[in-house]
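# Topology and contacts: notes
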Protein chains: 4
Amino acid sequence: MAELVQRYLDQIRDEQIGLCDGELAGYIPELAKVDPEGFGLTLSASDGYVYESGDTAVEFTIQSISKPFTYALALDNLGPAAVDARIGVEPSGEAFNEISVDDVTKTPKNPMINAGAIAAVSLIPGANADERFGHILDFYSACAGRQLDVDSNVYASEKATGNRNRAIAYMLTSFGVLDGDPDEVLDVYFRQCSVNVTSTDLARMAATLARGGLNPLTGRRVTDANVVRRTLSVMVTCGMYDATGDWVSAVGMPAKSGVGGGIVAVLPGQLGIGVYSPRLDSRGNSVRGVQVCRNLSSQLGLHFLTVTRESSSTLRAVFDVSPGVRVYEVQGDLMFAGAEQVLRTAQHDCDDYDVAVLDAGHVDDIDDAARGMLIGMRASLTAAGKEVYLVDPDGRVVPEQRRADVDSIVFVTVEEAVEAARQLIG
Amino acid sequence: MAELVQRYLDQIRDEQIGLCDGELAGYIPELAKVDPEGFGLTLSASDGYVYESGDTAVEFTIQSISKPFTYALALDNLGPAAVDARIGVEPSGEAFNEISVDDVTKTPKNPMINAGAIAAVSLIPGANADERFGHILDFYSACAGRQLDVDSNVYASEKATGNRNRAIAYMLTSFGVLDGDPDEVLDVYFRQCSVNVTSTDLARMAATLARGGLNPLTGRRVTDANVVRRTLSVMVTCGMYDATGDWVSAVGMPAKSGVGGGIVAVLPGQLGIGVYSPRLDSRGNSVRGVQVCRNLSSQLGLHFLTVTRESSSTLRAVFDVSPGVRVYEVQGDLMFAGAEQVLRTAQHDCDDYDVAVLDAGHVDDIDDAARGMLIGMRASLTAAGKEVYLVDPDGRVVPEQRRADVDSIVFVTVEEAVEAARQLIG
Amino acid sequence: MAELVQRYLDQIRDEQIGLCDGELAGYIPELAKVDPEGFGLTLSASDGYVYESGDTAVEFTIQSISKPFTYALALDNLGPAAVDARIGVEPSGEAFNEISVDDVTKTPKNPMINAGAIAAVSLIPGANADERFGHILDFYSACAGRQLDVDSNVYASEKATGNRNRAIAYMLTSFGVLDGDPDEVLDVYFRQCSVNVTSTDLARMAATLARGGLNPLTGRRVTDANVVRRTLSVMVTCGMYDATGDWVSAVGMPAKSGVGGGIVAVLPGQLGIGVYSPRLDSRGNSVRGVQVCRNLSSQLGLHFLTVTRESSSTLRAVFDVSPGVRVYEVQGDLMFAGAEQVLRTAQHDCDDYDVAVLDAGHVDDIDDAARGMLIGMRASLTAAGKEVYLVDPDGRVVPEQRRADVDSIVFVTVEEAVEAARQLIG
Amino acid sequence: MAELVQRYLDQIRDEQIGLCDGELAGYIPELAKVDPEGFGLTLSASDGYVYESGDTAVEFTIQSISKPFTYALALDNLGPAAVDARIGVEPSGEAFNEISVDDVTKTPKNPMINAGAIAAVSLIPGANADERFGHILDFYSACAGRQLDVDSNVYASEKATGNRNRAIAYMLTSFGVLDGDPDEVLDVYFRQCSVNVTSTDLARMAATLARGGLNPLTGRRVTDANVVRRTLSVMVTCGMYDATGDWVSAVGMPAKSGVGGGIVAVLPGQLGIGVYSPRLDSRGNSVRGVQVCRNLSSQLGLHFLTVTRESSSTLRAVFDVSPGVRVYEVQGDLMFAGAEQVLRTAQHDCDDYDVAVLDAGHVDDIDDAARGMLIGMRASLTAAGKEVYLVDPDGRVVPEQRRADVDSIVFVTVEEAVEAARQLIG
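Residues numbered from 1 in each chain as written. Chains lettered and ligands numbered in written order. Predicted model: local features only at pLDDT ≥ 70, side-chain atom pairs only at ≥ 80, totals over all residues.

In the annotation of an unreviewed UniProt entry, the entry for chain A reads Glutaminase, and the organism field reads [Mycobacterium] fortunisiensis. Listed under Sequence similarities (unreviewed entry) in UniProt, the entry text for chain A is "Belongs to the glutaminase family." (UniProt positions renumbered as here; feature names shortened; annotations may be inferred.)

What follows is the structure, given as structure tokens:
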């Protein structure tokens, strides 16, 4: 069944391969040396199952995608009150490298701009830069489910050229919102931006957020649900700087991009997404990455305000009616994430039955992505020696006129399907 | 079972009754004449079932809560491209009555500020003011599920004192973003702000948005899911003006308030909420209303980034194991909205069984609101002559030490519970 | 002697005739109908003597140049405290048609932007629009020294299309800073902007300000020095909107432009300047007018921070040493305005002497404009049957090597010049 | 005669001694150690004559008053084009320590804010910090007319605590508008701010600007008139940050203040003023200093837009009518600066005559300050054995009803006065 999702991913990635707009980040030589054609897309289901397409093993520096994770670590370590005292949660409507601070408190507007991210670093406990960075790297690694490391060349270059961030750190120090030595905080910040990741790492980190702080790959709880909720909230309102409204309308997933070419996006409760393509638009976002996220959202119906609605009622019931015959009763409005859940469950259980009866009689509405997946379920399971019968009285999954074209066996009632299944099993 | 939810609502409302901060809106005499103690709270489930607490039949003017609905109507009539050409979707970070327009296009930043709301009115087709307003009132009424009407005194006062809105309309005209006669558009806008609603109307209107444009009360589709997604997106990023970030972090429901004292909040796919209490804070939001929304969110776990996560997997299966014995298998993380769904389903089905076995063996995590509801389920159903057995092997719903205090019959395995049920039925 | 100044004016105007950049104001048809080549330049000395070059009799509408004069009238009628309570004096750094108001008081930032100008109109006493406008027109006429009138076509068009100003007036009303009926105030404002003037009228109005409120043509005091000082101060800091700093550095004269193509500039104590050329730059300033002001300032040394310095000590003494021989002792740094004063005095007195001895022995520094005028003095006075001897021991006025080229009779000491004069008169 | 001016100064200073509002600058301990009661006022005439009142020998650090002088030095060294490429001339309307840069060019808005001042330091040529600072200190010293020096304690403290300025310097470096090592530039900037001056030094530095770059004390030309005009222009529009409009209206002198407690003010062509009083208002300006400047301006008529007007024509003629009798013919509107000039001239010449006839018959208008000085002239000169006769036909200087009260001998015509003088001399 994985190949169904895989096909969607490949198709969405393929659509953007021809898109060669944008430029490599050029402010340090290291970022301009990468292969501009590199293009990886990874999707992690909330149970940790990972779909990969393209250059998903290519490493690149995490850059600003580090911001939500260090913010989460600060929340985890200090609690919301202590963090709020130093970093706000309001959008600044300004570019990432503005010193956007509150008029009165002089605290950075939010943790997604550099000023807030540097302040977040300063909140991570540690006797020195190494210790602080150690905690940060451990946290990122726990989210990714593998030991991450720093690209020392990028780190050295960031450090050598970071006058703007140096300015921000000194300004925050002068406002009294940055404790400790600004140069030490900056050193940690430059290291954190230089951590190497792959698109698959990003997808796993996103899935950890999607699961409320539990890494679905390792099963380890990295942080708690309150920390994640707050982090995702800030990603929603501030993650895309001055294009927040458009992103929420068009994509509808908490997300963050980095000038290394990565984008991380989270569909809470459902999915983690990581994309890599290093050519950037004028705002510093991956050109293909943004497009992939827009298409994933619209084609697979991943908008958080949409998925929420339907997802609660997808799998109404799963039960065995007789030995070898299991009924999967789906209901409500069906979209990608729901269909993916149905298929994955059926796939996972496939040792327990010979025939799966997919009862779509209570489906209210279904989109093309979900339709394709339910239809494709048969091909996927027959390959494993199982049969799939579809109960589709109203032709919602397979409309009458398309029955001839698709590989499915359709019944009008569950009883008929179960009867047929019993006979098949004999 | 309804009384369980009812109790939560009453309790959350009761907590705020002592809160007497804030002032009645005073810019027109009519708004200052209302009873300052009026306080109504209504919650509509996504199936249209309504819970009411307090003064839910008191009428007040909708004011700015009209904005998302007229925006939705404009989207419905003209499509997103035509609307986007006149009204943006980016937060303005400014007060509601600023003329916040895009630097280049001179279009209002978003439809939640007055400038954008007036522009939205101008987009509604109609040969004259009466016809335009007719469409708007029909749309609001369809969302509320009853015929709404205008408070003519408030309308007359709004019209007499609306210099600021007049300024905004003339400015937009001078920018070329407002077609037609500004005075006519304003007349419609003043009428729209003066539509009378109750907190229950607001909850129903919210539920219509929660259901993607389908009014769950009337069963009529008012608009389509794309329109609703876009409308809710804009409510998320712009609905609370310059407190967007805090609202998303702390409440996490698309929402809109009005100076008449109302607040509407939407939990996509799940709930519609309407609150009424006319004393306003310095930003023009209902003091108690804001507090009620914060507490509903935190106590009932209604944050959209949280609910999403858990809701997909609440009712894993419902099946009858023997005549009169129905098993409800719940799983995942359980919070208010999920528990409400379980109880409502069990209540609804209660003619079909004698004993309901609630299998909580696959529950990962549960919060206090959900725990209270699952425990209360027995009292609710025994009143209807049914029995409820709880399967709770790990003590997640009823911890060992509390077994003595609560009215529940707890088993370790489903088999034991089913066996007991069979014996009970005899 | 007038021809010397005349020549300078003609030359400065001629230099810009080829400059055809810019566009006629097009927001109302009337402004686009004028001859784009019209170009008039008038300079009024502080004694009312007027130099004219080009189309100085062409009438055009005063537009925003009305702003400082109505502000002055408000100050004159109500005093500074009452005016300050409604209109600030700080630059807004924004375009003329922004509603730039103080964050706290909501009063317009200054009287040179439309908001402040409309507020100024509202302060002029009067039972109705006619009466208010009557006072304004009388004041402008008193400054110009002739009865001015309204261009009724422009007025009608301004009124029909003034949505932006209407917006501003309603906004100010909503802030409580505009008393009375906004439509009536706007009617007066539209009339005031439509008053017809010539470049010579503007020069005379400027000269009235240069003379501290005394019209040098009519000898009538129009307002007092305190009103003028405050008005000129605001012109310095706010008259050129967001180009204030550049204008003060490069031109150094309080000034105001209008979209009718006029510019008024004041050299306090010295000169009033009026320019007309209707093609405007992107900021709405006359293209040629701005250039003429820059060149007048740099070539004639009219910067207020420069003239101040030198002017105090130009004519150290004037005395008759023997019948028919008058000595003019000049000193200090000599620039255009000082030289113009010397020549005009000598011209005025010319019935009192036969030989004027111009003692330049105490001149510290002299620029080309002043040098040209002192040298040209002889030609000018010999035409009237008088002789001029120049005492120039250090060759500051006529350097040694240029003596052959210029028409002047130069001595090293006053004694020698006086002796020669006595012999000439014989 | 000096005592007349002296009396005015003392009186204006005395009026503010009771003013104890404000706080010592506290951001570094050194600034908080000074005597809060220190209060010095110095006025330098344009010929270098100095009037001192109070603690004019107390040294304090120049702080931001250094800004216009380093800007002038940069203009002097590089010319306006090179300086304009790095530093703008537009007001920022913001506090001194904002990083106010042009949206497009990223250059600091003007040289009076820290960003612009640091950029100005970076433009001063020099192989290293010592050499750069050497040029700066030489320039300040040349303006003051004595060798100035650095307060090494203040310098050390500024350097230790200058995080905000460090932030600004790094930001400018990141924008590419600051060449060289930001730490070196800052070192020079901190030294420049720590230069010790007295109020008399400031008055002399101001007088050098008032004289167009010529130090009237030493007679040395420090810079040229173009540099000074541009520097004074920027002081007019930007010297008082966000209170520019009010300062120009109320005081009307290019000025600059420092947190050391000093204020420098320049009346072009006339006067240089230095004030010292270390208690600061919330904007960082000397409380008494600001008040003294306001009163000097209003009581002595020093507004640049006023003085300009009258000053050109004060001393119309000075001539001897017979041995020992010199006539001083004054005319026009007479204010402090003009009267001071008359008295100083008469005082200076007093060896050349026995009787000075002060002909006020052509005075148009006179204010109290000027009246007091002309009347006091007699007492001043009789002390030196000279007599003063006043010709005052219209009673403008000494009104009829006050003749009995004042020490003056008044005539109606010059002839009568001269005749009386001849008889006196006998």
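Right, picking up where we left off after that structure.
### Re the arrangement of the chains
Across the gap from chain A to chain C, with no contact made, the nearest C-alpha atoms are 14 Å apart. Of all C-alpha pairs spanning chain B and chain D, none lies closer than 14 Å, and the two are not in contact. (Contact = placed C-beta atoms within 7 Å.)

### Considering the sheet that holds strand β8 (residues 271-276) of chain B
Residues and elements named next belong to chain B. With respect to topology, five strands assemble into an open sheet ordered β2-β1-β8-β7-β6, the strand pairing being antiparallel. Each edge of the sheet is formed by a strand with only one pairing partner; in this case those strands are β2 (50-54) and β6 (255-257). On average, each strand axis in the sheet is inclined to that of its neighbour by 10°, with strand direction left out of account. Alignment of strand β1 (residues 40-45) against β8, held across six bridges, turns out to be antiparallel. Along β8, the bridge assignment pairs glycine 40 with tyrosine 276. (Pairing = 2+ DSSP bridges. Helix = DSSP H or I, 4+ residues; strand = E, 2+ residues; numbered from the N terminus. Axes fitted to C-alpha atoms, helices over the stretch in contact; angles between N-to-C directions.)

### A closer look at the pairing of strand β11 (residues 355-366) of chain B
Residue and element names in this part refer to chain B. Pairing analysis gives nine bridges linking strand β10 (residues 325-334) to β11, with the strands arranged parallel. Residue valine 325 lies in a different strand from β11, and its bridge partner there is valine 355. Across five bridges, the pairing between β11 and strand β12 (residues 387-391) is parallel. Bridge pairing in β12 links valine 357 to tyrosine 389. Following the backbone out of β11, through helix α16 (residues 368-382) and into the adjacent parallel β12, one traces a crossover that is right-handed. (Right-handed = clockwise from strand over helix to strand, strands pointing away.)

### A closer look at the sheet that holds strand β3 (residues 60-61) of chain B
Residue and element names in this part refer to chain B. Taken together, three strands build an open sheet; the order of strands is β3-β5-β4 and the sheet is antiparallel. Looking at strand neighbours, the two that pair on one side only are β3 and β4 (149-150), the edges of this open sheet. Note: β4 against strand β5 (residues 195-197), two bridges, orientation antiparallel. Note that in β5 the partner of valine 150 across the bridge is valine 195.

### Digging into the domain arrangement of chain A
Residues and elements named next belong to chain A. Split by domain assignment, chain A resolves into domain 1 (2-301) and domain 2 (312-425). Using C-alpha coordinates to define each centre, domain 1 is positioned 39 Å away from domain 2. Contacts between domain 1 and domain 2 engage 12 residues on the former and 11 residues on the latter. Elements represented by at least two residues in the side of domain 1 that touches domain 2 include exactly α1 (2-17) and α13 (287-300). Of all the elements, α1 adds the most residues to the side of domain 1 that touches domain 2, at four residues. The residue makeup of the side of domain 1 that touches domain 2, split by class, is eight nonpolar, three polar and one charged. (Domains from an automatic or database assignment. Nonpolar A, V, L, I, M, F, W, Y, C, P; charged D, E, K, R; others polar.)

### Looking at the interface of chain A and chain D
Listed by partner, the interface residues are eight residues for chain A and eight residues for chain D. Class assignment for the residues of the side of chain A that touches chain D results in three nonpolar, three polar and two charged.

### Focus: unusual backbone geometry
Despite not being glycine, glutamine 63 of chain B has its phi angle at roughly 50°, a positive value. Along the chain, glutamine 63 of chain B falls in the loop between β3 and α3 (66-78). A positive phi angle, near 65°, is found at lysine 106 of chain D, a position not held by glycine.

### Things to note about the UniProt feature "binding site: substrate" (unreviewed entry) in chain A
All names here are of chain A. Here, UniProt's "binding site: substrate" (unreviewed entry) annotation points to Ser64, Asn114, Glu158, Asn165, Tyr189, Tyr241 and Val259. Relative to the helices and strands, valine 259 is located in the loop between β6 (255-257) and β7 (262-267). Each residue touching valine 259, except ones within four places of it in the same chain, is listed here: Ala25, Leu31, Gln63, Ser64, Leu280 and Gly284.

### A short note on the relation of the copies chain A and chain D
Take chain A, turn it by 180°, move it 0.2 Å along the axis, and it overlays chain D with an RMSD of 0.1 Å. The superposition of one copy onto the other is thereby described by a two-fold rotation axis. Across chain A, the smallest distance between a C-alpha and the rotation axis is recorded for alanine 167 of chain A, namely 1.8 Å. Interface overlap between copies is the fraction of interface residues in one copy that are interface residues in the other; for chain A against chain D it reaches 100%, indicating a shared surface. (Least-squares fit on C-alpha atoms with pLDDT ≥ 70 in both.)

### Digging into the confidence of the model for chain A
Residue and element names in this part refer to chain A. When pLDDT is averaged along chain A, the result is 89; 95% of the residues meet or exceed 70. In this model, residues 308-312 is a region of pLDDT below 50 whose contacts with residues beyond four sequence positions or in other chains number 25 contacts. Reported confidence for the predicted complex is 0.81 by ipTM and 0.80 by pTM. (pLDDT = per-residue confidence, 0-100.)

### Some remarks on helix α8 (residues 163-175) of chain A
Between the first and last C-alpha of α8 of chain A there are 18 Å, a value that for 13 residues agrees with the 18 Å anticipated at 1.5 Å per step. Burial runs high along α8 of chain A: 11 of the 13 residues are buried. Tucked into the core, α8 of chain A has its buried residues touching α5 (114-123) and α9 (182-193) of chain A together with α8 (163-175) of chain D. Taken from the residues just after α8 of chain A, glycine 176 of chain A is the one with a positive phi, measuring 80°. (Expected span 1.5 Å × (residues − 1). Buried ≥ 20, exposed ≤ 12 C-beta atoms within 10 Å, placed from the backbone.)

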